[in-house]
Amino acid sequence: MNKQGCLVLFSIALALAALRLVFACFFAVYQTEQVIITQFGKPVGEPITEPGLHLKLPLIQEVNRIDKRFLEWDGQPVAIPTRDKTYIHVDTFARWRINDAKTFFVRLRDERSAQSRLDDILGSETRNAVAKHDLIEIVRTDKDRKPLRDENLKNVPTGLGTIGVLPPIQYGRLKIEEEIKSKAAGKLAEFGIDLLDVRLKRVNYNPDVLDRIYQRMISERQQIASRFRSEGEGEAARIAGQKERDLNEIQSTAYRKVQQIRGEADAKATEIYAQAYTQNAQAAEFYSFLKTMETYRKVLNKDATLVFSTDSDLFGLLKRASPKPQTAPPSR
């Protein structure tokens, strides 16, 4: 290669290096981020938050991009005792953002360090808040909540405890979450972090406590079932008693009506017989004879033994009906 060719190659290389150096002076900032310019590892100037194309010194200055969107923090479930000595597993989450990029970069550098700091601060404040409140304060949303209650439990008799009744509270879970947020926000502000919200995602009983909770729930359900069962038995007894009264009333009314109809029929039959047998003396005597026969049929049987007086009407008829003694035939 001649001298002229070497000069051309050197010119091209120099032009490319100059072009690359020019491109290294420019950088783009997107809407979802903010930029910290560092020179030899130290921040230079204020954070760049406006999106667009910006300038920096090549080679000696570096671009550090920091997210300015809402970020999430999801803590690990931890076992915490409440003030009433009930161990529960609390799962917490939060939303945060970087509002002071320079302070954040100097103190924490990146989001990984920020997540670790959030674990320490939010976890500590959550444990402190839960430990100084009773379990009902953690479970209930707020003190003004009106619980849904079964219509059948509105008139629960005394002696069944507090079935379906929520005990009164002073704060509620929303106030406790606000307390965690307010105390943690002041500590996180020192790192350039703005804490937006903190919530208790889930509250579970410790496995050692679940058996006692289930037994109490079973006991309450059994008490309700016993009350319904006793009410049902009482109602069944009332219905059975009413049925017996109605049945006796129907039977007595029917018996009275039957006897009344039978008496009217006997009276009518007697009247007809009387009219028929009183037309002449022979008819009356025949009627007396028939009635006497009916009497004999009712009182006389093969096992009956009767004692009559000689002037008895029954004996008189039997005497008349007895066969006459036979006379012996004349001898030849």
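Treat the numbers as computed from the prediction; the structure is a model and nothing was measured.

Rules behind the numbers
Residues numbered from 1 in each chain as written. Predicted model: local features only at pLDDT ≥ 70, side-chain atom pairs only at ≥ 80, totals over all residues. Heavy atoms only, no water. Helix = DSSP H or I, 4+ residues; strand = E, 2+ residues; numbered from the N terminus. Polar contact = N/O pair within 3.5 Å; in protein donor to acceptor, adjacent residues only side chain to side chain. Contact = heavy atoms within 4.5 Å. Expected span 1.5 Å × (residues − 1). Buried < 20%, exposed > 50% of the residue type's maximum accessible area, 1.4 Å probe, protein only. Axes fitted to C-alpha atoms, helices over the stretch in contact; angles between N-to-C directions. Left-handed = near helix turned anticlockwise from the far one by under 90°. Nonpolar A, V, L, I, M, F, W, Y, C, P; charged D, E, K, R; others polar. Core = buried A, V, L, I, M, F, W, Y, C linked by side-chain atoms within 4.5 Å.

(A) Up close: the side chain of glutamate 33. Among the structural elements, glutamate 33 can be located in strand E2 (residues 33-39). Of note is the side chain of glutamate 33, whose polar atom sits 2.5 Å from the side chain of arginine 65. Discounting chain neighbours no more than four positions away, the residues touching glutamate 33 are Ala28, Thr49, Arg65, Ile66, Asp67 and Lys68.

(B) Seen up close, helix H3 (residues 111-131). With 21 residues, H3 should cover 30 Å at 1.5 Å per step; its first-to-last C-alpha distance of 29 Å lies within 8% of that length. Here H3 has its buried residues at Ala114, Leu118, Ile121, Leu122, Gly123, Glu125, Thr126, Ala129 and Val130.

(C) Spotlight on helix H7 (residues 281-299). Between its terminal C-alpha atoms H7 stretches 27 Å, which fits the 27 Å expected from 19 residues at 1.5 Å a residue. Within H7, the full set of buried residues consists of Ala283, Thr292 and Tyr296.

(D) The packing of H3 against helix H5 (residues 173-189), seen in detail. Their axes nearest at 9 Å, the elements H3 and H5 cross at an angle of 140°. Here H3 runs over H5; the crossing is right-handed. Across the interface between the two elements, Arg117, Leu118, Ile121, Leu122, Glu125, Thr126 and Ala129 of H3 pack against Ile176, Ile180, Lys183, Ala184, Lys187 and Leu188 of H5. Class assignment of the residues belonging to the contact of H3 with H5 gives a composition of eight nonpolar, one polar and four charged.

(E) Region of interest: the nonpolar core. In terms of nonpolar packing, the biggest core is built from 31 residues, with Ile66, Trp96, Phe104, Leu122, Ile193 and Leu195 touching the most fellow members. Elements with a minimum of two residues in this core: strand E6 (71-74), strand E8 (87-98), helix H2 (101-107), H3, helix H4 (135-139), H5 and strand E9 (193-205). By residue number, the principal contributor to this core is H3, which donates six residues. One finds Phe27, Val29, Val35 and Ile37 within the second-largest nonpolar core, a separate group that totals five residues.

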